[in-house]
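Residue-level structural notes
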Amino acid sequence: MRDAGQFNARLMDEVRAIVRPGIKTVEIDRFVYEFTQDHGHTPACLGYPGDRMPFPKSCCISINDVICHGIPGETELHPGDIANIDLTTVVHGWYGDQSETFLIGENSDISETARAVTQCAFDALYLGIGATKPGCQVAVIGEAIVEHTNRKYGFGVVDKYVGHGIGSKFHQRPNIPHVPSRQSYQDRLYPGMCFTIEPMINGGSARSVCDRRDGWTVRTYDGQPSAQFEHTILMTEDGPEILTLTKHGPQPGHQF
Ligand code: MF3
Ligand code: CO
Ligand code: CO
């Protein structure tokens, strides 16, 4: 899992270097596919089963009001967009999963709401990680995220889509909700378990709508922007260890 996390993080740093205004999301996707293949690994998203159709691309790119599961295509990134890129790689049978939201163009191009949801989601991820201890309830993650988001911003924390256990499968138990659920007070994080935390924060309502045509693209109900960050984490005897740390990405405390 450490190898999988490290490779996935390296891929994120490689993607970071090509993200710029004018690039088409399908071009980013092609890069993800080729870099992964060239290193002998597999993009987990490609062909991942869904209700309507398998996911057709190698990563998810979710722009502005898209909450998650955006399908790369002919859309270009524009100055002022916020774009989440979610990468998942299978390395020798083990999964690494992480995402970042990128601000496209100059900071002055970004709306205050888009910047604030990005900051809120980034801080929420690290507060969620920091709330965990060996043997803790899964619910401590959602408690920390909701408290922060409500107190500081009044934004919506998406509860329909959740983090997850991860290992030799992409999605496994337990669910890691970002709003405490009844089950998350029962589930605990013991040393040796790997899981993701991946809060999605909406500028307005937490409500979402899944695109009926493609069966994947999830948008905010009210058109407000949404941001997300994700890491894969190992619980150790000494506390949480982030497996997907990047070299060049924003570090805890970063101000967008
Ligand atoms: N990477 C997403 C997650 O964090 C899942 C994407 S599934 C896909 O769990 F099929 F849309 F790629
Ligand atoms: Co992901
Ligand atoms: Co995930």
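These lines cover the structure that appears in this document, whether it is placed above or below. (Residues numbered from 1 in each chain as written. Chains lettered and ligands numbered in written order. Predicted model: local features only at pLDDT ≥ 70, side-chain atom pairs only at ≥ 80, totals over all residues. Heavy atoms only, no water.)

**Observations concerning the coordination of the cobalt ion (ligand 3)**
Around a metal, the ideal angle is 109.5 degrees if four donors adopt a tetrahedral arrangement and 90 or 180 degrees if six donors adopt an octahedral arrangement. Here is the rule: Each metal's donors are the N, O and S atoms found within 2.8 Å of it, except that Na, K and Ca use a 3.2 Å limit; water is left out, so coordination can look incomplete. Donor angles set the geometry label: tetrahedral for four donors if every angle is between 85 and 135 degrees, square planar for four and octahedral for six if opposite donors exceed 155 degrees and the others are between 65 and 115, irregular for anything else. Runs of E in the DSSP output that reach at least two residues are strands. Runs of H or I that reach at least four are helices, and both are numbered from the N terminus. Only protein chains enter the calculation, and the probe is 1.4 Å; a residue is then buried if its accessible area is under 20% of its type maximum, exposed if over 50%, and partly exposed in between.
Coordination of the cobalt ion (ligand 3) by the protein involves Asp 97 (OD), His 164 (NE2), Glu 198 (OE) and Glu 230 (OE), with metal-donor separations of 2.0 to 2.2 Å. For the cobalt ion (ligand 3), the six donor atoms in the first shell make angles of 52 to 159 degrees at the metal, so the coordination geometry reads as irregular. Between consecutive donor residues of the cobalt ion (ligand 3), the sequence gaps follow D-x66-H-x33-E-x31-E. In this structure the cobalt ion (ligand 2) is found 3.3 Å away from the cobalt ion (ligand 3), and Asp 97 serves as a bridging donor for the pair. Remark: Glu 230 occurs in the loop between strand E15 (226–228) and strand E16 (231–236) and Asp 97 occurs in strand E5 (residues 94–103); sequence separation between them is 133 residues. Accessibility expressed as a relative area gives 2% for Asp 97, which makes it buried.

**A word on the coordination of the cobalt ion (ligand 2)**
Looking at the cobalt ion (ligand 2), one finds its protein donor set to be Asp 86 (OD), Asp 86 (OD), Asp 97 (OD) and Glu 230 (OE), positioned 2.1 to 2.4 Å from the metal centre. Of note is the cobalt ion (ligand 2), whose six donor atoms meet at the metal with angles of 57 to 167 degrees in an arrangement that counts as irregular. Written as a sequence motif, the donor residues of the cobalt ion (ligand 2) are D-x10-D-x132-E.

**Details of the site of ligand 1**
To keep it simple, the criterion reads: Put simply, a residue is near a molecule or strand once any heavy atom of it comes within 4 Å of that molecule or strand. N or O atoms within 3.5 Å of each other form a polar contact, as long as, within protein, one can give a hydrogen and the other can take it, and as long as residues adjacent in sequence are counted only when both atoms are side-chain atoms. A 1.4 Å probe and the Shrake-Rupley method give the accessible areas. Residues count as covered only by the protein chains that appear here. In the scheme used here, Gly and all other residues not listed as nonpolar or charged are polar, with Ala, Val, Leu, Ile, Met, Phe, Trp, Tyr, Cys and Pro taken as nonpolar and Asp, Glu, Lys and Arg as charged.
Taken together, 14 residues lie near ligand 1, and Cys 45, His 164, His 171, Glu 198 and Glu 230 sit nearest. Between an oxygen atom of ligand 1 and a side-chain N or O atom of Glu 230, the distance comes to 3.0 Å. Its free accessible area being 340 Å², ligand 1 has 97% of it covered by the protein chains. Among the residues forming the shell around ligand 1, the class breakdown is six nonpolar, four polar and four charged.

**Considerations on the pattern of salt bridges**
This is how the line gets drawn: Salt bridges are counted wherever a side-chain nitrogen of Lys or Arg sits within 4 Å of a carboxyl oxygen of Asp or Glu.
Going through the model one piece at a time under the given rule, you end up with eight salt bridges. Where Glu 100 meets Arg 16, a salt bridge forms, and the shortest distance between an N and an O atom there is 2.8 Å. Of this pair, Glu 100 sits in strand E5 while Arg 16 sits in helix H1 (residues 2–16); the two residues are 84 residues apart in sequence, bridging distant segments of the chain.

**Digging into the nonpolar core**
Our working definition: Within this scheme, the nonpolar core is defined by two criteria: the residues are buried Ala, Val, Leu, Ile, Met, Phe, Trp, Tyr or Cys, and they are joined through side-chain atoms within 4.5 Å. Any two residues whose heavy atoms approach within 4.5 Å at even a single point are treated as in contact.
Formed by 31 residues in total, the largest nonpolar core has its most connected members in Ile 141, Leu 189, Phe 195 and Ile 197. Elements supplying a minimum of two residues to this core: helix H3 (112–130), helix H4 (139–152), strand E11 (194–197) and E16. Per-element accounting of this core gives the leading share, 10 residues, to H3. Leave out the neighbours within four places in its chain, and Leu 189 touches Thr 132, Lys 133, Pro 134, Gly 135, Cys 136, Val 138, Ile 141, Ile 176, Phe 195 and Met 235.

**With respect to the environment of Leu 77**
Here Leu 77 shows up in the loop between strand E3 (66–68) and strand E4 (82–91). Residues Leu 77 and Val 157, 80 residues apart in the sequence, show an inter-C-alpha distance of 25 Å.

**Here we look at the sheet that holds strand E13 (residues 208–210)**
In plain terms, the rule: We treat two strands as partners when DSSP finds at least two bridges between them. For helices, the axis comes from a line fit to the C-alpha atoms of the stretch in contact; other axes are also lines fit to C-alpha atoms, and the angle between any two N-to-C directions lies between 0 and 180 degrees.
What the three strands build is an open sheet, ordered E3-E14-E13; its pairing is antiparallel. The open sheet has two free edges, formed respectively by E3 and E13, since each of these has just one partner strand. The average undirected angle you get between the axes of adjacent strands in this sheet is 40 degrees. Both E13 and strand E14 (residues 218–220) contribute to a ladder of three bridges, which runs antiparallel. Bridge assignment links Cys 210 to a residue of E14, and that residue is Val 218.

**Concerning the packing of aromatic side chains**
Counted only if it meets this: Whether two aromatic rings pair depends on their centres lying within 6.5 Å, for rings of Phe, Tyr and Trp, where Trp uses its six-membered ring; planes under 30 degrees apart make the pair stacked, over 60 edge-to-face, and the rest tilted. For a ring to carry a charge above it, either NZ of a lysine or CZ of an arginine must fall within 6 Å of the ring centroid while also lying within 35 degrees of the normal to the ring plane.
Tallied over the full model, the rule gives 10 aromatic pairs. Among the aromatic side chains, those forming a connected cluster through ring pairs are Phe 122, Tyr 126, Phe 229 and Phe 256. Over the face of the ring belonging to Tyr 221 we find Arg 207, whose NZ or CZ atom lies 3.8 Å from the ring centre.

**Section: H1**
For clarity, the cut-off: Helix span, expected: 1.5 Å multiplied by one less than the number of residues in the helix.
Relative to the 21 Å expected for 15 residues at 1.5 Å per residue, H1 spans 21 Å between its end C-alpha atoms, a close match to the ideal helical length. For H1, the complete set of buried residues consists of Ala 4, Gly 5, Phe 7, Asn 8, Ala 9, Leu 11, Met 12, Asp 13, Val 15 and Arg 16. Packing partners of the buried residues in H1 comprise helix H2 (25–38), E4 and E5.

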